[in-house]
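Coordinate inspection notes
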Amino acid sequence: MPRYEYTCGTCDTNHLIHHGMHDAVPLCELCGKELDRRVSGFRTRSSTTSPPKIGTVTEDFIKTARDDLKQQKEELEDNR
Ligand SMILES: [Zn+2]
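Overview of the structure. (Residues numbered from 1 in each chain as written. Predicted model: local features only at pLDDT ≥ 70, side-chain atom pairs only at ≥ 80, totals over all residues.)

Considering the overall build of the protein
Using the following cut-off: Segments assigned H or I by DSSP are reported as helices when at least four residues long, segments assigned E as strands when at least two residues long, and all are numbered from the N terminus. The exposure scheme places C-beta atoms from the backbone and then counts, for each residue, the other C-beta atoms within 10 Å of its own, assigning buried at 20 or more, exposed at 12 or fewer, and partly exposed in between. Note on contacts: each residue gets a C-beta atom placed from the backbone, and two residues are in contact if those atoms are within 7 Å.
From N to C terminus, the protein includes 1 helix and 3 strands. Going through the 80 residues of the protein one by one, you find that 6% of them count as buried. Looking at the protein alone, contacts between residues at least 24 apart form 38% of all its contacts between residues at least 6 apart.

Looking at the environment of Arg-3
When you line up the elements, Arg-3 lands in strand S1 (residues 3-8). When the C-alpha atoms of Arg-3 and His-19 are compared, they prove to be 6.6 Å apart, with 16 residues separating the residues in sequence. Sequence-distant contacts of Arg-3, defined by excluding residues within four places in its chain, comprise Leu-16 and His-18.

Put into structure tokens, the structure is as follows:
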């Protein structure tokens, strides 16, 4: 499966996505908007500043969302 680099113009995140050549444009995992295909890899942009690791943003986001949900649930249970 080929691997494509996408960027989200809405929340400014990078995504590495595996999909077939004729599949539809993938959606951003964070905001659900269509991603923009990157023509050239972002690793060519600069050698001094390393780009954020792909997946880190998403994993952090999911973890934060989970923690928030857990906290909200606990608060609800406390109020009973
Ligand atoms: Zn997005």
